[in-house]
Amino acid sequence: MLQQYDSLVLGSGVAGLTLALKLARLGTVAVITKKNRAESNTNYAQGGIACVTSAEDSVALHVQDTLVAGAGLCREEVVRSYVAEAPARIRELIGIGVRFSARSNGGAAPGGELDLGREGGHSKRRILHAKDMTGREVERALLRAVERHPDVTIFEDATAIDLITSAKVGRPGPNRCLGVYVLDNRTNRVDTFVAKVTALATGGCGKCYLYTTNPDIATGDGVAMAFRAGVSVANMEFIQFHPTCLYHPFAKSFLVSEALRGEGAVLVDAAGREFATKYDPRGSLAPRDVVARAIDAEMKRSGAPCVYLDITRNGEPFLRERFPNIFGYCESLGINIARQPIPVVPAAHYQCGGVLVNPSGATALAGLYAVGEVACTGLHGANRLASNSLLEALVLAHRSAVAIGDSLGAIRAEVNVPEWEEGEASDPDELVIVTHNWKEIRQIMWDYVGIVRTDKRLERAGRRLEILLREIHEYYWNFKVTSDLLELRNLALVSWLIVQSAMRRKESRGLHYTLNYPGLLPAARDTLVDRGEG
Ligand code: FAD
Ligand code: SIN
């Protein structure tokens, strides 16, 4: 079936919804999202949004903290302008009804002085939050605003498969993005969506790793689609591992927010000894790359399966009030965080690189934008500063909407696009291939492409991934597509991109740490991988 809109937004997290809301002022918008509309990394964000709002803070300090965390690879002009623009975007969020926690009562109350949290790498308290469920609150308010807009249609259970480009469908002239093929997961039908402009807002790729804080949607689909369409991807080696994911047999991907360390929680070993200051004078509140490596080293040294986060010096009433989600979840597993240290391990958390875009979200392919975690703007460099991701998504979505607004009127809609062809594909015969390869990729990435890397481990991972890619490619062309197969195909490609990027960086910088090149090269350079090499 052919569907036609002025703009397509793939993804319904903070980036996609913010963009859709703004694009709706310019014409019709389809938001295509592969699970239910709220299911996104955004919905699980805990700590908050970094933004200068206090008289004791300054844009210059926030810029400085971002640059330090980014280990020399941030694009400084992007950092300066994004950080300066953050307060305007926060005012918009408050305007659509986001209730940040207020200082006076610690609860959600508009009008009160905002409570400011602290996280690793920040020299000041500057994190706006809604208790420890900031993402849920932002997602709630954005969804409500989008749902009220008559010009936005949300398609749930709809997995974008691949971008349609004029070159791919044999149109003469400069290549541009014409839309996207989308699998309706409920009917297994592939629809053709065409639009003047398409925006990837598909989030990150945490599921490439066996252990991650990310929900199941994070399979790197946007990066894979853009790469297959010929768009360069940048800095994919910089995968951020969050130091404190809950370690418990019944907990799946549950984050224990860095905001706990901002309120005095300290990392300790099984004997209760603080260890982070051995690795960095900033201790448990050093930037994430440093803390995750310290935990990794400590676990390897002691052979322990986890370390502990001790926040018992804060009283139970405070903890229940400030961190109700974390308190309640741990309590449901028999851990009272006011009385006992929380078992934690590092886990894959955030993709700092992504689809290469300019500061307004435009990719090199005309008609294609990328916003949010899927994009690489240069804000994060080699390591993202805590709570700068939601900030980036808001600013980038706003700028993309402005840029699209400037060009939309001049673009002619292309409706004569060939529909999806199934060809000779039959129903999949052995789904075990999909489940097996899924597990194998995530194990390879965890074992060989984790917090500490070596050339040998990367080569091993690369060789195995290439075999898997060939196998998946064959399966993809022989059988009808399913959402699991599409995710597997993307996961394999993005894992390969991470390995390729990591192999090219002959130094240790930010989140990329390799025993073969422990030092820093004098000049910081981006890693770019192009389709021609795939
Ligand atoms: P997402 O919110 O992940 O949304 C992606 C959307 O794309 C989803 O709707 C998904 O279903 C859809 N999608 C994906 N592929 C397809 C496809 N093929 N077809 C159709 N739809 C597709 N950052 C902060 O700044 N502060 C925090 O406190 C914070 N806490 C975090 C806590 C956790 C547990 C996690 C996992 C992340 C946290 N982050 C935090 C990071 C931050 O939440 C994310 O980077 C950010 O929310 C990404 O927003 P997004 O809109 O780009 O992507
Ligand atoms: C957290 O709450 O620790 C996550 C914050 C982030 O990812 O920026």
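Chemist: Help me out: how do you make sense of the overall build of the protein in this one?
Modeler: The secondary structure content of the protein amounts to 13 helices and 20 strands. Reported as C-alpha extents along the three principal axes, the dimensions of the protein are approximately 65 × 55 × 50 Å. Out of the 534 residues in the protein, the part that is buried amounts to 60%. Long-range contacts, defined here as pairs at least 24 residues apart, represent 74% of the contacts in the protein between residues at least 6 apart. Counting only carbon and sulfur atoms, one obtains 52% of the accessible surface of the protein, whose full area is about 20,400 Å². For the protein, the distance from the average position of its 61 positive side-chain charges to the average position of its 61 negative side-chain charges is 4 Å.

Chemist: Whenever I open this one, the site of ligand 1 confuses me. Can you help?
Modeler: In the vicinity of ligand 1 lie 37 residues, with Thr42, Gly48, Asp221, Glu373 and Ser389 positioned nearest. One of the backbone N or O atoms of Lys34 is found 3.2 Å from a nitrogen atom in ligand 1. Within the backbone of Ala160, an N or O atom sits 2.9 Å from a nitrogen atom of ligand 1. Contact with the protein chains hides 98% of the accessible area of ligand 1, taken as 1,000 Å² for the molecule alone. Only helix H1 (14–23), strand S8 (158–165), strand S16 (342–351) and helix H10 (388–407) provide two or more residues apiece to the shell around ligand 1. Tallied by class, residues from the shell around ligand 1 come to 12 nonpolar, 20 polar and five charged.

Chemist: Just to check I follow, could you spell out the sheet that holds strand S15 (residues 307–310) for this structure?
Modeler: The strands that make up a sheet are held in pairs by hydrogen bonds between backbone atoms, and each pair lies either parallel or antiparallel. Strands sit in the order S13-S16-S15-S14 across an open sheet of four strands; the sheet is antiparallel. Every other strand in the sheet has two partners, leaving strand S13 (239–246) and strand S14 (266–268) as the edge strands with one partner each. With direction set aside, neighbouring strand axes in the sheet form an average angle of 45°. Of the pairings in the sheet, the one linking S14 to S15 comprises three bridges and is antiparallel in character.

Chemist: Hey, could you run me through the packing of helix H5 (residues 221–228) against helix H13 (residues 483–504) in this one?
Modeler: How two helices pack is summed up by the angle between their axes together with the distance between the axes. Orientation of H5 relative to H13, taken along the N-to-C sense of each, is 80°, at an axis distance of 8 Å. On the basis of the axis angle, H5 is roughly perpendicular to H13. Residues Asp221, Val223, Ala224, Phe227 and Arg228 of H5 form the contact with H13, whose own contacting residues are Arg489, Asn490, Leu493, Val494, Trp496 and Leu497. Looking at the contact of H5 with H13 residue by residue, the classes come out as seven nonpolar, one polar and three charged.

Chemist: What's the story with empty space enclosed by the protein in this structure? I'm lost.
Modeler: Space left empty within the atom packing is revealed by a probe, the size of a water molecule, rolled over the atoms. Tallied over the entire structure, the rule returns four cavities of 30 Å³ or more. In this structure, the largest cavity encloses a volume near 70 Å³. Taken together, Leu73, Arg75, Ala234, Asn235, Cys352, Gly353, Leu356, Cys376, Gly378, Gly381 and Asp526 make up the lining of the largest cavity. Residues that form the lining of the largest cavity fall into these classes: five nonpolar, four polar and two charged. Of the voids in this model, the second largest cavity is the one considered here, and its volume is about 50 Å³. Lining the second largest cavity we find Ile239, Phe241, Asp289, Ala292, Arg293, Ile451 and Leu511. Elements that contribute at least two residues to the lining of the second largest cavity include exactly S13 and helix H7 (288–302).

Conventions adopted
- Residues numbered from 1 in each chain as written.
- Chains lettered and ligands numbered in written order.
- Predicted model: local features only at pLDDT ≥ 70, side-chain atom pairs only at ≥ 80, totals over all residues.
- Heavy atoms only, no water.
- Helix = DSSP H or I, 4+ residues; strand = E, 2+ residues; numbered from the N terminus.
- Buried < 20%, exposed > 50% of the residue type's maximum accessible area, 1.4 Å probe, protein only.
- Contact = heavy atoms within 4.5 Å.
- Areas by Shrake-Rupley, 256 points an atom, 1.4 Å probe, with all protein chains shown as cover.
- Lys, Arg positive; Asp, Glu negative; His and termini not counted.
- Charge placed at Lys NZ, Arg CZ, Asp CG, Glu CD.
- Near = heavy atom within 4 Å.
- Polar contact = N/O pair within 3.5 Å; in protein donor to acceptor, adjacent residues only side chain to side chain.
- Nonpolar A, V, L, I, M, F, W, Y, C, P; charged D, E, K, R; others polar.
- Pairing = 2+ DSSP bridges.
- Axes fitted to C-alpha atoms, helices over the stretch in contact; angles between N-to-C directions.
- Parallel < 35°, antiparallel > 145°, perpendicular 65-115°, else oblique.
- 1 Å grid on protein atoms, 1.4 Å probe; cavity = no way out; pocket = protein on both sides within 12 Å on 5 of 7 lines; lining within 4 Å.
- Points joined across faces, edges and corners; volume = space filled by probe spheres on them.

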